[in-house]
Amino acid sequence: MRVVVVGGGIGGLALGAGLRRRGYEVAVFDRDTDVAATGGYHITLDERAQSALRELVAPQIMRRLLASASALRLRDRDAFWDRRGRLLGRGPDLSGDAGVDVDRITLRMLLAEAVGDDLRLGRTVSGVGQGDDGAPRVLFTDAAAVSADLVVGADGTHSLVAQHLAGGPANRPAGLIGFSGRTLRSDLSPGEQRRLGPRSGLAIGPRGAAFYVGFLDPVGNAALDAPELRMSVTTGPTYIWGAMFPESAATDSLRDLRDGALRAALARRFRERGWAEQTLEVIARAAPHSLAAYRFNAASTRAGDLAPWPAGRITALGDAVHATPPTAGMGAGAAIRDAAALLRHLGDVTDGGTPPTQAVHRFEAGMRRRGSEILTLAMRTVRLVLATDTTLGAAATAVTTPILAAAARLRH
Ligand SMILES: Cc1cc2nc3c(=O)[nH]c(=O)nc-3n(C[C@H](O)[C@H](O)[C@H](O)COP(=O)(O)OP(=O)(O)OC[C@H]3O[C@@H](n4cnc5c(N)ncnc54)[C@H](O)[C@@H]3O)c2cc1C
């Protein structure tokens, strides 16, 4: 069976790696010319995503990944703060959590290595369709079309393959825009280092302003103690942060700003909403070139709305089907789990028992459930932030946070 994968992001490469390992004829096409020259910060892989990955890549790739990843179990409990930096509560104990955070670049490079020369870079797909023989075909902007027995669209949020199958966009803007950056822990004042601590946290203020601070340290908190295998891009304790606001003309204009100008504008926006200066230090000390804007897109949370097409020899996975805002940190893990599930169902075809369309049908049913689960989680935070932008929501946030802060002071 020959499989063509459109898109060599996380899901497409994971699938390509698994197919190659099982001896399928596979080609993964991505428009990028260099897998390392890609955007992104860190990717969270929970236990389910890691066990899917173990099915797809060789043990040595997995070891290198874990040696380059920051273990959640070595992090303190997550914190919830108000806009003045007061502690409102803590998340669950992480000491038994098997999850890891890994640089997106590191993960993509390792997966690309596993796909080897079946990954074709610098190839922009312009469409999919069917040849005269009924076989699916992939068309390119500047090269001859290729045919396959199965085409899989792993081409992300703005997927051309999913649009072809669904007859329209598979997701829409979620109403929030995110601005991310990286700040070395050592660049912060001792007081702020202490307050933030070796933990991730979230603060939500009134009038639509939220701030996520994620902690990762692939060296000090390595998931696998094997420094000789390490290839993390992040080389010390680092906060990867994300400022979130409801989309508006004002936030759209922030997207035109870069580096120091964007950093200053973000801090100003929080300041105008009553955030304490201390809480903005992590923005002020961020590496200027690390700042980037991300519009959040989301597919429907209802399983029945996802992949709304009859199963056939063209399918899709990952963000192409269930585009998920990063607020649950589960989008990449779900794409990897999709890849492992598709590989398992294709195994039933090569074993001779199942027709290909039925295997795709079963795969898509599982993917709808997975997608709905992570979208429901991710949209909770999105809706919470949007709710603070209403008169009632702003008042409720302003009234409840001092009470929660006082209760937290009594508890700790
Ligand atoms: C630049 C970038 C940065 C990200 N940063 C983060 C992050 O910091 N944290 C986080 O949790 N998630 C991040 N994500 C999202 C996360 O990687 C995805 O949610 C997750 O990996 C789902 O994987 P996917 O394979 O479905 O899509 P993606 O990983 O988005 O991959 C899609 C791939 O398809 C390729 N592609 C698209 N259209 C075409 C075409 N027409 N022809 C050829 N190739 C095409 C793209 O170049 C891309 O490589 C980022 C995504 C991107 C693209």
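These numbers were taken from a predicted model, which means no experiment stands behind them. (Residues numbered from 1 in each chain as written. Predicted model: local features only at pLDDT ≥ 70, side-chain atom pairs only at ≥ 80, totals over all residues. Heavy atoms only, no water.)

**Q** What is the right way to look at the sheet that holds strand β18 (residues 314-316) in this model?
**A** Read from one edge to the other, the open sheet built from five strands follows the order β8-β2-β1-β12-β18, with strand pairing classed as parallel. Each of the sheet's edge strands pairs with one partner strand only, and the pair in question is β8 (119-120) and β18. Alignment of strand β12 (residues 150-153) against β18, held across three bridges, turns out to be parallel. Within β18, the residue paired with Val152 across the bridge is Thr315. (Pairing = 2+ DSSP bridges. Helix = DSSP H or I, 4+ residues; strand = E, 2+ residues; numbered from the N terminus.)

**Q** Please explain the packing of helix α11 (residues 331-350) against helix α12 (residues 356-387) as it appears in this structure.
**A** Helix-helix packing is described using two parameters, namely the angle between the two axes and the distance between the axes. Contact geometry of α11 with α12 gives a least axis separation of 9 Å together with a crossing angle of 160°. On the basis of their axis angle, the class for α11 and α12 is roughly antiparallel. Seen along the crossing, α11 lies across α12 with a hand that is right-handed. Between α11 and α12, the contacting residues are Gly331, Ala334, Arg337, Asp338, Ala341, Leu342, His345, Asp348 and Val349 on the first element and Pro356, Ala359, Arg362, Phe363, Met367, Arg370 and Ile374 on the second. (Axes fitted to C-alpha atoms, helices over the stretch in contact; angles between N-to-C directions. Parallel < 35°, antiparallel > 145°, perpendicular 65-115°, else oblique. Left-handed = near helix turned anticlockwise from the far one by under 90°. Contact = heavy atoms within 4.5 Å.)

**Q** Hey, could you run me through the packing of helix α2 (residues 47-56) against α11 in this one?
**A** Here α2 crosses α11 at 45°, and the two axes come no closer than 8 Å. As far as their axial angle goes, α11 and α2 are oblique. Considering how the two elements wind past one another, α2 and α11 form a crossing that is left-handed. Contact with α2, carried on its side by Arg48, Ala49, Ala52, Leu53, Glu55 and Leu56, involves Gly333, Ile336, Arg337, Ala339, Ala340, Leu343 and Arg344 of α11 and no other residues of that element. Along the lines of polarity and charge, the residues of the contact of α2 with α11 split into eight nonpolar, one polar and four charged. (Nonpolar A, V, L, I, M, F, W, Y, C, P; charged D, E, K, R; others polar.)

**Q** Explanation requested: the pattern of salt bridges in the structure shown.
**A** Two side chains bearing opposite charge may form a pair once their charged atoms approach each other closely. Taken as a whole, this structure holds 21 salt bridges when the rule is applied. Among the ionic pairs, Arg302 bridges to Asp305, the shortest N-O distance being 3.1 Å. The exposure class of Arg302 is exposed, given its relative accessible area of 57%. Given the relative accessible area of 34%, Asp305 is considered partly exposed. For Arg370, the salt bridge identified is with Asp338, shortest N-O distance 2.7 Å. Within this pair, whereas Arg370 is found in helix α12, its partner Asp338 is found in helix α11, the two being separated by 32 residues in sequence. Across the pair, exposure class does not vary: Arg370 and Asp338 are buried alike. Put simply, Arg20, Asp117 and Asp118 are held in one network by salt bridges that share partners. (Salt bridge = Lys/Arg side-chain N within 4 Å of Asp/Glu carboxyl O. Buried < 20%, exposed > 50% of the residue type's maximum accessible area, 1.4 Å probe, protein only.)

**Q** How should the sheet that holds strand β10 (residues 136-140) be read in this particular structure?
**A** Hydrogen bonds between backbone atoms are what pair the strands of a sheet, whose relative direction is either parallel or antiparallel. With antiparallel pairing, the three strands of this open sheet are ordered in space as β9-β10-β11. Each of the sheet's edge strands pairs with one partner strand only, and the pair in question is β9 (125-130) and β11 (146-147). Where β9 meets β10, five bridges bridge the pair, whose relative direction is antiparallel. Each bridged residue has a counterpart across the sheet, and for Val125 the counterpart in β10 is Phe140.

**Q** Please explain the packing of aromatic side chains as it appears in this structure.
**A** The way to describe two aromatic rings as a pair is by their centre distance and the angle between their planes. Using the criterion set out here, one finds eight aromatic pairs in the structure. Between Phe215 and Tyr239, the ring centres sit 5.6 Å apart and the planes meet at 55°, which makes this aromatic pair tilted. Taken together, the residues span a long stretch of sequence, with Phe215 in strand β15 (residues 209-216) and Tyr239 in strand β16 (residues 238-246) at a distance of 24 residues. Judged by its relative accessible area of 3%, Phe215 is buried. Each ring, one from Phe245 and one from Phe270, has its centre 5.1 Å from the other, and the planes form 45°; the classification is tilted. (Phe/Tyr/Trp six-rings, centres within 6.5 Å; stacked < 30°, edge-to-face > 60°.)

**Q** What is the right way to look at the nonpolar core in this model?
**A** Considering soluble globular proteins, one finds that nonpolar side chains tend to be buried as a cluster. One finds Leu19, Leu45, Leu53, Val57, Leu107 and Leu317 to be the most contacted residues of the largest nonpolar core, which totals 70 residues. Counting residues per element, this core draws most heavily on α11, which supplies eight residues. With residues near it in sequence (within four places) discarded, Leu107 still touches Ile10, Ile43, Leu45, Leu53, Leu65 and Val102. Core analysis: the second largest hydrophobic core is formed by 27 residues, Phe179, Phe245, Ala267 and Phe270 among them. (Core = buried A, V, L, I, M, F, W, Y, C linked by side-chain atoms within 4.5 Å.)

**Q** Would you explain α11 in this entry?
**A** In an α-helix there are 3.6 residues to a turn, and that puts residues three or four apart on one side. When the terminal C-alpha atoms of α11 are compared, their 29 Å separation across 20 residues agrees well with the 28 Å that a helix rising 1.5 Å per residue should span. Most of α11 sits inside the fold, with 16 of its 20 residues counted as buried. Directly beyond the C-terminal end of α11, a positive phi value near 100° is found at Gly352. (Expected span 1.5 Å × (residues − 1).)

**Q** Where do I start with helix α8 (residues 259-272) in this structure?
**A** Across its 14 residues, α8 extends 20 Å between first and last C-alpha, which sits within 8% of the 20 Å expected from 1.5 Å per residue. Restricting attention to buried positions, one finds in α8 the residues Leu262, Ala265, Leu266, Ala267, Arg269 and Phe270. Tucked inside the fold, the buried residues of α8 contact β13 (172-184), β15, β16, α7 (249-254) and α9 (281-284). Immediately beyond the C-terminal end of α8, within one or two residues, lies Gly274, with a positive phi of roughly 85°.

**Q** How should I be thinking about the layout of surface pockets in this particular structure?
**A** Rolled over the atoms, a probe as big as a water molecule pinpoints where empty space is left. By volume, the second largest pocket amounts to about 220 Å³. Together, eleven residues line the second largest pocket, and Trp81, Leu88, Ile204, Leu384 and Thr401 are the ones closest to its centre. If you list the elements that add at least two residues to the lining of the second largest pocket, you get β5 (79-81), β14 (201-205) and α13 (391-411). Residue contributions to the lining of the second largest pocket peak at four residues, all from α13. For the lining of the second largest pocket, the residue count by class is seven nonpolar, four polar and no charged. (1 Å grid on protein atoms, 1.4 Å probe; cavity = no way out; pocket = protein on both sides within 12 Å on 5 of 7 lines; lining within 4 Å. Points joined across faces, edges and corners; volume = space filled by probe spheres on them.)

**Q** It is not clear to me how the site of the ligand should be interpreted in this structure. Could you clarify?
**A** In the vicinity of the ligand lie 27 residues, with Gly11, Asp30, Tyr41, Arg104 and Asp319 positioned nearest. Gly11 is positioned such that a nitrogen or oxygen atom in its backbone is 2.8 Å from an oxygen atom of the ligand. Asp319 places a side-chain nitrogen or oxygen 2.7 Å from an oxygen atom of the ligand. Summarising the interface, the protein chains cover 83% of the accessible area of the ligand, which totals 930 Å² for the free molecule. For the shell around the ligand, the secondary-structure elements that each account for two or more residues are α1 (10-21), β3 (42-45), α4 (104-115) and α11. (Near = heavy atom within 4 Å. Polar contact = N/O pair within 3.5 Å; in protein donor to acceptor, adjacent residues only side chain to side chain. Areas by Shrake-Rupley, 256 points an atom, 1.4 Å probe, with all protein chains shown as cover.)

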